[in-house]
Amino acid sequence: MNLLPKSSKEFGSVDYWEKFFQLRGKKAFEWYGSYLELCGVLHKYIKPREKVLMIGCGNSELSEQLYDVGYQDIVNIDISEVVIKQMKEHNASRRPQMSFVKMDMMQMEFPDASFQVVLDKGTLDAVLTDEEEKTLQQVDRMLAEVGRVLQGRETEWLFSTEEGRKQLAASAGFRRLVTVALHRGQQYEGMDSIQAELSARVMELAPAEIPAQQKVPFLSVGGDIGIRTVQHQACSPLSGDYVIEDVQGDDKHFFRRLIFLSNRNVVQSEARLLKDVSHRAQKKRKKDRKKQQPAGSLDVFSAAPQQNIDKSYLCCEHHKAMIAGLALLRNPELLSETPLALLVVGLGGGSLPLFVHDHFPKSHVDAVEIDPSMLEVATQWFGFSQSDRMQVHIADGLDYVTSLAHGGEAQPHYDVIMFDVDSKDPTLGMSCPPPAFVDHAFLQNVKSILTTEGVFILNLVCRDLGLKNSVLTRLKAVFPLLYVRRIEGEVNEILFCQLHPNQKLATPELLEVAQTLERTLRQPGSNWDDTYVLSEMLKTVTIV
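Residues numbered from 1 in each chain as written. Predicted model: local features only at pLDDT ≥ 70, side-chain atom pairs only at ≥ 80, totals over all residues. Heavy atoms only, no water.

Caption draft 1: Spatial organisation of the overall build of the protein chain. In terms of helices and strands, the protein chain carries 18 helices and 17 strands. Scored against the burial criterion, the 544 residues of the protein chain give a buried share of 47%. Restricting the contact set of the protein chain to residue pairs at least 6 apart, pairs at least 24 apart contribute 65%. Carbon and sulfur atoms make up 52% of the accessible area of the protein chain, which amounts to about 27,800 Å² in all. (Helix = DSSP H or I, 4+ residues; strand = E, 2+ residues; numbered from the N terminus. Buried < 20%, exposed > 50% of the residue type's maximum accessible area, 1.4 Å probe, protein only. Contact = heavy atoms within 4.5 Å. Areas by Shrake-Rupley, 256 points an atom, 1.4 Å probe, with all protein chains shown as cover.)

Caption draft 2: Inspection of the packing of aromatic side chains at higher detail. Inspection of the entire model under this criterion finds 9 aromatic pairs. When the ring of Phe110 is compared with that of Phe115, the centres are 5.0 Å apart and the planes differ by 85°; the resulting orientation is edge-to-face. Put simply, the rings of Phe419, Phe437, Phe442, Phe456 and Phe479 touch in pairs and so form one group of aromatic residues. The residue whose ring lies beneath Lys51 is Phe115, and the NZ or CZ to ring-centre distance is 5.3 Å. (Phe/Tyr/Trp six-rings, centres within 6.5 Å; stacked < 30°, edge-to-face > 60°. Lys NZ or Arg CZ within 6 Å of the ring centre and 35° of its normal.)

Caption draft 3: How the structure looks around the confidence of the model for the protein chain. In this model, the protein chain carries a mean pLDDT of 83, and residues with pLDDT of at least 70 account for 85%. Mean pLDDT values over the elements of the protein chain span from 47, in helix α10 (residues 279-291), up to 97, in strand β9 (residues 341-345). Overall, residues 276-286 carries pLDDT values under 50, and its contacts beyond four positions in sequence, including any with other chains, amount to 18 contacts. This model gives residues 289-304 a pLDDT under 50, and the stretch forms 23 contacts once residues within four places in sequence are excluded. (pLDDT = per-residue confidence, 0-100.)

Caption draft 4: The arrangement of the sheet that holds strand β6 (residues 240-248) in detail. Strand order in the open sheet formed by 4 strands is β5-β6-β7-β8, with antiparallel pairing between adjacent strands. Every interior strand has two partners, whereas the edge strands, β5 (228-236) and β8 (267-272), have only one. Here the strands of the sheet are splayed against their neighbours by 15° on average, with no regard to which way each runs. (Pairing = 2+ DSSP bridges. Axes fitted to C-alpha atoms, helices over the stretch in contact; angles between N-to-C directions.)

Caption draft 5: Region of the structure containing the side chain of Arg389. Tracing the chain through its elements places Arg389 in the loop between α13 (372-381) and β11 (390-394). For the buried Arg389, which has no salt bridge, the nearest side chain bearing the opposite charge is Asp388, at an N-O separation of 4.9 Å. Looking at Arg389, its side chain comes within polar contact range of the main-chain oxygen of Pro361, at 3.2 Å. For Arg389, the residues in contact, after removing those within four places along its chain, are His357, Phe360, Pro361, Lys362, Ser363, His364 and Val365. (Lys, Arg positive; Asp, Glu negative; His and termini not counted. Salt bridge = Lys/Arg side-chain N within 4 Å of Asp/Glu carboxyl O. Polar contact = N/O pair within 3.5 Å; in protein donor to acceptor, adjacent residues only side chain to side chain.)

Caption draft 6: Representation of the packing of helix α14 (residues 397-405) against helix α15 (residues 440-448) within the structure. Where α14 meets α15, the axes come as close as 9 Å, and the angle between the chain directions of the two elements is 55°. By the angle class used here, α14 and α15 are oblique. Read as a crossing pair, α14 and α15 show a hand that is left-handed. Of the residues in α15, those in contact with Gly397, Leu398, Val401, Thr402 and Ala405 of α14 are Phe442, Asn445, Val446 and Ser448. Across the contact of α14 with α15, the residue classes break down as 5 nonpolar, 4 polar and no charged. (Parallel < 35°, antiparallel > 145°, perpendicular 65-115°, else oblique. Left-handed = near helix turned anticlockwise from the far one by under 90°. Nonpolar A, V, L, I, M, F, W, Y, C, P; charged D, E, K, R; others polar.)

See below:
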C-alpha cells in the first residue's frame, strides 16, 4: 500500500491526509521518532501540571503515552476529520481528560496564552514543502498562531512582533538570532551549562555557508541563570502567583527579588541583603528542609523575612534616576530640611518610597498600591514599614489621583509625583505604565495636584517607537518642560516633567544641582551608599 504523495506539495492538502488516514486505518504512524526516543527531552522540559497543545496530532501514540505517565492536560488538533474521529473513539474511555479537536492550526480557535507547551513532531515539515514566498507566508502564519496561544515571553511584543524581533536582533548586533525560553523549573549553574546543552542544536539552524568551527555567541535577556532560593510563594487575587527568592549576584552579594509568575522574566522589586548568606549555608538549609518535605514538593525554606535588608541601597537603576530627579526642585541644598510632599504610585517592594522617607527626614510620602498583597510582601519580606510620615493607600492609582484632582479647594498639592506602575498586558509594546496612566485627561488630573514648581517623574518602558512618540507628545502637551533619561542597558526611560519652560536647566546646571543635593544628603550618619552618584544619573539627560 503506497501512502506517499505524488509530490511534496500534497503534504499541505487536507484531501491527502483524509485519504492517508482512511488507508492507514487505526495503526499508529510515528513521524521522526517514538515516545521512547523522545521522552528524555519531553520530561525534562514539560511539567505534568502544564497544559499541552499537540498540533497535527495524526494518530501518533505520543499524546497517549504522555497521558499514561501523568501528563493529562493535553489537547490534540488535526485538520483531518477522519483521524480525529478515530482518536476520539480510541481514547474516550481510556483517557477521558484528553481531547481531540478538528481544527486548522493556521486559524486556531483558542484564546491567547491558553497553553504552556505546544508540541509539533512533523507538522512544520508538512507545511514547509519548498521555499516559495507563498509557502514561507504559511510558515509565518503557523508560527504566529503558535506564539499567540502560548503563555510566557513568546507572547511579549519584543518576541511576538516583527518589529520587536528586528529590534532584538539589532540590539544584539546580529542578522540571525535564535531565541530560547529558559523556564523557572530548569536549573543551570550558568551560561556554560546552557551552551553545552544547546550548541549542537543551534548549529543545525546556522546558514549553510557558515564555517563548521564558527563560534556562536550566547546572550541573556535578564538575569534568570544561576543560584536562587525560593523563600516564599503565594497567589494574589489581583497579581496572580508570585515568588520571593534570594539570588546571588555577580559581585557575590545576595539579593531578594519579587517575581510575578505571569511575567516571570521581569524582576518586579529587588533589595540587597546586608549580610551575605554563603552558598554552602543555603545548600545546608535546603538539604535539611528537603528531609522534611514530601518528594516532588517545591524547594522552599523559611528565613527571617525582614532580616538583613540594606535599605540604603537602590538596586534598580531607574529608581536611582527617579531619586536624582528631586534635584530639579528649587533650592536642593535645603531639601533635607524641607517638608516635601510626595506621591508614589506603585509600591512593589517599597524600596523607592522607603529611600525617600529615610533620606529626606522632613518629607511626607503617600504611596498608592492597588494590590493589598503587595503591601504584605513589602512589609514582611523587604523591610518596609509605614510611619506618621509615610502612609500606604490601597487603591487604584487612576481612581486615587482622579478623586484628589476633583476634591475642590481641599485637594492636596504634591512637590513630587512618581509613577512606577507596571502593565499586566505584555503584548502592547509598553509594559510601564498602563496606557490609561498617560491618557491626556488623566495627565491633566496629575497636573492639577502638582505644585507650580514641582516635578512629575514617570518610569516609561516602551519598545514600540510609534507608541513612545505618542506618549511623549501627550506629556509635552500637559507638561511643557520634559527631560528624558535613558537607562543604559535597559528599555527604561525616566521622564522628568515640569510645568514651566523657564525652569529649564542645561546639562552643566543639572550636574551642579545634583551635586548640591548629594552633598546635602551625604551628612554624617545618613548611611549614604558611596556608589550612588546623583550627578551621574543626570549626565545623559536630554530635553524633548
